[in-house]
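Coordinates in review
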Amino acid sequence: MTDRALKVVAAVVANATAAIAGLGGAAATGFRLPWSIPAAMLGGTLGWILGSVLAVPLVSWLRTRRYAPSGRPAYRLRDLPPTETAAGGKARSLAAMAQAGHPVPPGLVLLPSAFVDDRLTPDVEEWLVRELKSFAAGQLFAVRSSALAEDSAAASFAGAYETVLDVPIGHLAGAIGKVRASREAERVQAYAAAADAAGAGEVAVVIQAMVPAELAGVLFTVHPITRELNTMLGNVVTGLGEALVSGADTGAEFTLTRPDGGFAGPDTLRPLARRLHDVAHQVEGTFGGVPQDIEWAVVGGALWILQSRPVTTLNPVNTRTAERNDSQGGNCLWSATNLGEANPVPQTPLTVSHAAYLQANGGPSMVMRGREMAGYIGGRPYANLSVQITARRGRTAVEPREAYRRLAGWWGELPDQVPVTLIPMTRADWQDAGLGLLGTLAKLAWYRRGLDGYLRTNPKRCADLSARIAAAATPEALGALWRTHLLAQGLLSFWTTIAASSEGPAQLELELHAELGAADTAALMSNMSGLAGQLASLGPAVGLQEVLAGRLSREEYTDRFGHRGVNEVELAWPRPAEDPDWLDAALAGAAEGTDIGELRTRQGSTFDDTLARLRAADPRSAARIERRVRKAARQAAAREAARSESVRTTWVMRRFALRAGEQLGIGEGVFYLTVPELLAALDGRREALELLDLRRAASLRYQSLPPLPGIIYGAFDPFAWAADPNRRTDYWVAGATAPSDSDHDDPAVIHGCAGAVGEVEGTVRRLDDFDEAGRLEPGEILVTHLTNIGWTPLFPRAAAVITDLGAPLSHAAIVARELGIPAVVGCGDATSRLRTGDRVAVDGARGEVRILSSVPVS
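Everything in this summary refers to the structure shown in the same document. In this text the structure is predicted, and so the values were computed from the model without any measurement.

**Points about the overall build of the chain**
Assigned secondary structure in the chain consists of 28 helices and 28 strands. In the chain, of all internal contacts separated by at least 6 residues, the share reaching a separation of at least 24 is 65%. A gap of 7 Å separates the mean positions of the 84 positive and 93 negative side-chain charges of the chain.

As structure tokens, this is what we get:
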């Protein structure tokens with residue numbers, strides 16, 4: 001049963017359940033009008049949701065029934081189990097398309113186990129004779145290779161192996177032998193060595209019905225040069241497509257636009273253009289949205305898909321070095337704001353793979369045609385704003401930039417020069433994504449209800465799990481602990497953190513700003529701690545002063561905050577509590593700053609005065625505003641508390657990794673494995689350990705990079721960017737020119753987001769790394785790329801804060817508001833335009849920094 005047929009089954013189950021439930025709803029009212037109509041509609045809607053959920057296990061069961069048993073030496077393509085990796089890339093791709101219901105010529109695949117000394121075994125010969133009887137008399141065949149590494153994301157091996165076309169049944173044995181023997185060809189060995197492709201010598205053989213093409217061609221589902229997602233690029237020739245594939249004939253070029261199917265190209269293809277667009281889009285969807293290089297043919301007005309493989313130049317992952325650059329997979333809009341705060345330096349492979357592993361095994365996910373809501377560039381996490389804007393916009397006609405405005409509290413303002421692109425989604429795509437998104441929303445609501453319990457029990461749960469990790473005596477026991485307890489804990493923390501996030505505070509701030517102006521909005525939104533209890537982002541700084549005052553013991557402080565710090569999401573980063581000298585150094589620094597209690601008291605008084613004035617002017621409006629502000633305060637507090645406990649869970653995962661490294665004999669080399677590789681190593685499969693030196697070298701290369709632009713559009717090469725002396729540091733757009741003074745209305749003014757209101761003049765102290773924190777003198781203006789909770793103890797020393805990265809919901813803005821310190825965040829290029837010793841005027845309400853004087857460049 002094909003995927004297309006399975007969708008029909010799911011739709012029948014959902015609609016039948018909806019009809020029954022709708023009828024039941026009407027019956028509950030005694031079929032009395034008009035009440036029976038809304039009752040039937042409500043019942044039908046709930047029934048459809050229930051039916052859709054019930055259809056999932058049924059469809060999964062039916063899908064497993066369509067495969068032949070594993071372990072055979074030969075299969076029909078439509079019966080090939082996806083677990084038969086020996087079938088090679090081409091056969092598995094053809095099988096996946098056939099099983100999805102795409103128009104693939106019928107065929108067979110002979111696995112390497114079907115051969116002995118390049119001759120078919122007698123049993124397979126007999127099987128082949130029987131299977132060939134199902135083809136039409138006189139049928140000609142195409143015989144092709146299917147090597148393990150062929151048609152993979154990393155290597156295509158295009159033209160390396162032999163292909164034999166127009167083969168009659170009587171000549172199949174010779175054609176099979178020729179294709180099989182081509183694995184020894186010099187060109188195959190040279191390609192494998194150049195591509196560093198393992199397994200090139202293992203070759204299966206595909207036998208397919210030959211398509212006597214009248215038209216044939218290739219089609220890239222994403223433009224391979226511009227990388228635009230909404231443009232497919234192809235070439236078409238008359239007759240067979242082998243000349244086109246080999247490069248002997250370039251054919252006629254054409255384009256298809258997504259998702260509307262627009263066509264530009266030769267008239268000979270126009271009648272089939274829409275069909276080709278739809279099938280190619282669906283084929284890409286079959287492979288998880290990975291851009292495809294498709295070979296196709298037309299005969300008698302019918303379209304056939306002959307082959308599909310990933311576009312190797314758009315592959316974002318190097319599995320050997322564990323490097324990921326998701327910007328290479330097609331033009332999307334990326335932002336490091338907020339995500340970059342918790343990840344100030346490039347992450348190790350174990351950390352990078354941890355979130356992806358959780359998402360692939362039941363974690364929260366927002367996938368649009370295989371593209372996740374976040375990815376990695378240069379070892380750093382970036383939010384895929386194209387995915388989030390597409391999801392926010394839905395199927396409406398809202399302009400993409402307008403849809404983004406509701407996300408701006410998280411990711412900041414977008415420069416006009418930065419394009420906003422969407423994920424091309426058809427009506428069918430939205431239908432497929434709808435149930436998954438609905439399920440995600442339902443799960444988030446469930447975890448939101450359990451937030452208080454999670455916050456209450458998580459510290460003890462983490463302590464218990466840490467003890468279990470220490471007690472695991474063997475690698476096998478440690479792997480079992482992951483499967484039985486640690487994975488569940490990771491998923492619980494991941495879901496709860498996402499569930500606790502809310503756009504409420506940022507949206508309220510925008511609305512109040514329009515209604516009340518900047519000053520009153522700042523006064524009302526800068527007292528979250530006073531309304532909902534201490535925000536977790538202030539906790540470490542407040543706690544230090546509590547220890548100094550004798551109101552909190554050192555042990556209590558360590559228990560509450562010893563897991564928080566400047567690089568707390570990185571598994572390889574030692575937690576502060578692991579350093580016996582950490583607390584003494586932190587207390588020494590805290591003694592130099594302004595008393596946080598005084599700053600908080602001042603903010604509370606400002607809030608009370610502002611609210612009293614609003615009550616005097618309009619009591620009802622003031623009451624409404626107060627209710628909303630208090631709700632926003634609770635949302636902000638919940639978000640930060642959940643984040644803190646999630647980081648506590650990350651410390652547990654670090655302990656797991658360190659224990660695994662100890663048992664595997666690789667120490668901290670464990671952080672250069674991915675999670676699947678680590679779990680495999682604990683189970684005894686340790687091939688990936690050979691890659692540790694290669695991974696360590698790649699990680700060091702990333703560590704040498706300067707901070708990357710906060711906004712990226714298009715395929716970004718971090719090393720080429722870093723080598724450019726005229727590089728942009730605020731944003732990067734593929735094909736854009738280098739920055740110049742003309743980019744700024746006034747070269748003496750730096751623009752950013754209004755982080756916290758207030759005006760101050762002072763001297764800049766630029767800190768390029770947290771290790772330089774001791775250089776910040778009381779009363780200086782802190783300028784840095786980003787801040788996070790590890791920087792909080794510095795804020796009482798600063799007269800103002802200026803950051804490259806940031807938005808209204810970023811760390812610098814939240815903490816500065818709570819302490820009444822002016823802040824301008826999300827400037828993009830403040831650290832490249834300001835130096836220590838410069839004099840500046842900061843206007844937090846306007847989001848502007850004016851350069852008054854600059855120190856001479858030495």
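Next, the rest of the story.
**Some points on the sheet that holds strand β13 (residues 302–310)**
Judged by pairing direction, the sheet is antiparallel, and its six strands sit side by side in the order β11-β10-β9-β8-β12-β13 without closing on themselves. For this open sheet the edge positions go to β11 (263–264) and β13, each flanked by a neighbour on one side alone.

**A look at the environment of F770**
Turning to its location among the elements, F770 is positioned in the loop between β23 (759–767) and β24 (781–784). The spatial distance from the C-alpha of F770 to the C-alpha of T601 is 28 Å, given a sequence separation of 169 residues. Look past the residues within four positions of F770 in its chain and what remains in contact with it is V566, G790, W791 and L794.

**Overview of the nonpolar core**
As a rule of thumb, nonpolar side chains are buried together in soluble globular proteins. Counting residues in each nonpolar core, the largest one holds 36 residues, and the members touching the most others are W482, L486, F656, L678 and L682. For this core, the secondary structure elements donating two or more residues are α9 (349–360), α14 (451–471), α15 (475–500), α23 (619–664) and α24 (675–682). Setting aside residues up to four positions removed in sequence, L682 forms contacts with P475, E476, L478, G479, F656, A660 and L664. Judged by nonpolar contacts, the second largest core, of 34 residues, contains A95, L219, A273 and W296.

**Topic: the side chain of N458**
With respect to the secondary-structure elements, N458 resides in helix α14. Since its relative accessible area comes to 0%, N458 is described here as buried. For N458, the residues in contact, after removing those within four places along its chain, are Q489, S493, E645, R648 and T649.

**Re the packing of aromatic side chains**
For any pair of aromatic rings, the description consists of the separation of the ring centres together with the inter-plane angle of the planes. Inspection of the entire model under this criterion finds 12 aromatic pairs. Centroid distance F254 to W296: 6.3 Å. Interplanar angle 75°. Geometry classified as edge-to-face. With F254 in strand β10 (residues 252–257) and W296 in strand β12 (residues 292–299), this pair connects stretches of sequence that are 42 residues apart. Judged on exposure class, the residue F254 and its partner W296 are both buried. Each residue in the set F254, F263 and W296 is aromatic and connected to the rest through ring pairs, giving one cluster. It is R727 that lies over the ring of W721; its NZ or CZ is 5.1 Å from the centre. Over the ring of Y731 we find R728, and its NZ or CZ is 4.1 Å from the ring centre.

**Description of the packing of helix α20 (residues 554–561) against helix α21 (residues 582–590)**
Relative to each other, α20 and α21 sit at 95°, their axes nearing to 12 Å. Between α20 and α21, the angle is such that the two are roughly perpendicular. Between α20 and α21, the residues in contact are R554, Y557, T558 and F561 and W582, L583, D584 and L587, respectively.

**Re the pairing of strand β18 (residues 380–384)**
With five of five residues buried, β18 is to be regarded as a mostly interior element. Covered by surrounding structure in β18 are R380, Y382 and N384 together with P381 and A383, the residues of both alternating faces. One ladder, built from two bridges, connects strand β16 (residues 333–335) with β18; its direction is antiparallel. Note on β18: the bridge partner recorded for S335 is A383. The hairpin turn running from strand β17 (residues 374–377) into β18, its antiparallel successor, is two residues long, and G378 in that turn takes a positive phi close to 60°.

**Comments concerning the packing of α23 against α24**
In a packed pair of helices, the relevant descriptors are the angle between the two axes and the axis-to-axis distance. Running from N to C, α23 and α24 cross one another at 45°; their axes reach a closest spacing of 11 Å. On the basis of the axis angle, α23 is oblique to α24. Crossing of α23 over α24 shows left-handed handedness. Across the interface between the two elements, F656, A660 and L664 of α23 pack against L678, L679, A681 and L682 of α24.

**Examining the sheet that holds strand β5 (residues 141–147)**
Spatially, the five strands line up as an open sheet ordered β1-β2-β7-β5-β6, and their pairing is antiparallel. Looking at which strands have only one partner, the edges of the open sheet turn out to be β1 (74–76) and β6 (164–167). Direction aside, neighbouring strands of the sheet carry axes that sit 20° apart on average. The pairing of β1 with strand β2 (residues 107–110) spans three bridges and is classified as antiparallel. Bridge assignment links R76 to a residue of β2, and that residue is L108. In the packing of helix α4 (residues 122–132) onto the sheet, the strands contacted are β1, β2, β5 and β7 (203–209), and the crossing angle to β2 comes to about 175°.

**Focus on the state of the cysteines**
A complete count under the given rule lists zero disulfides for this structure. Between C753, a free cysteine, and C827, which holds the nearest cysteine sulfur, the sulfur-to-sulfur gap is 8.1 Å.

**Re the pairing of β10**
Of the strand pairs in this sheet, strand β9 (residues 231–238) and β10 are connected by six bridges, and their pairing is antiparallel. Note that in β10 the partner of V236 across the bridge is A252. Pairing of β10 with β11, which is carried by two bridges, proceeds in the antiparallel orientation. When the sheet's bridge partners are listed, L256 is paired in β11 with F263.

**Remarks on unusual backbone geometry**
Omega for the bond connecting L33 with P34 falls within 30 degrees of zero, at 0°, which places this linkage in the cis form. Counting through the fold element by element, P34 comes out in the loop between α1 (3–28) and α2 (36–65). Residues R258 and P259 are joined by a peptide bond in cis, for which omega reads 0°. Tracing the chain through its elements places P259 in the loop between β10 and β11. Although it is not a glycine, D117 adopts a positive phi angle of roughly 55°. Of note in this structure, N338 is not a glycine but carries a positive phi near 70°. Within the fold, N338 resides in the loop between β16 and α9.

**As for α4**
Listing the buried residues of α4 in full gives V124, W127, L128, E131 and L132. Down the axis of α4, the smallest arc covering the buried residues is 125°, so these residues share one side. Relative to its buried face, α4 has exposed residues pointing more than 90 degrees away, namely P122, D123 and R130.

**Topic: the side chain of S146**
In this fold, S146 is placed in strand β5. Here S146 falls in the buried class, since its relative accessible area comes to 0%. One polar contact links the side chain of S146 to the main-chain carbonyl oxygen of A87, over a distance of 2.6 Å. Within the local environment of S146, its side chain forms a polar contact with the backbone oxygen of G88, the two atoms lying 3.5 Å apart. Contact partners of S146, with chain neighbours within four places excluded, come to A87, G88, G89, K90, A91, E202, V203, A204 and V206.

Cut-offs used in this document
- Residues numbered from 1 in each chain as written.
- Predicted model: local features only at pLDDT ≥ 70, side-chain atom pairs only at ≥ 80, totals over all residues.
- Heavy atoms only, no water.
- Helix = DSSP H or I, 4+ residues; strand = E, 2+ residues; numbered from the N terminus.
- Contact = heavy atoms within 4.5 Å.
- Lys, Arg positive; Asp, Glu negative; His and termini not counted.
- Charge placed at Lys NZ, Arg CZ, Asp CG, Glu CD.
- Pairing = 2+ DSSP bridges.
- Core = buried A, V, L, I, M, F, W, Y, C linked by side-chain atoms within 4.5 Å.
- Buried < 20%, exposed > 50% of the residue type's maximum accessible area, 1.4 Å probe, protein only.
- Phe/Tyr/Trp six-rings, centres within 6.5 Å; stacked < 30°, edge-to-face > 60°.
- Lys NZ or Arg CZ within 6 Å of the ring centre and 35° of its normal.
- Axes fitted to C-alpha atoms, helices over the stretch in contact; angles between N-to-C directions.
- Parallel < 35°, antiparallel > 145°, perpendicular 65-115°, else oblique.
- Left-handed = near helix turned anticlockwise from the far one by under 90°.
- Disulfide = S-S within 2.5 Å.
- Arc of directions from axis to C-beta.
- Polar contact = N/O pair within 3.5 Å; in protein donor to acceptor, adjacent residues only side chain to side chain.

Just distances and angles here, no functional claims.
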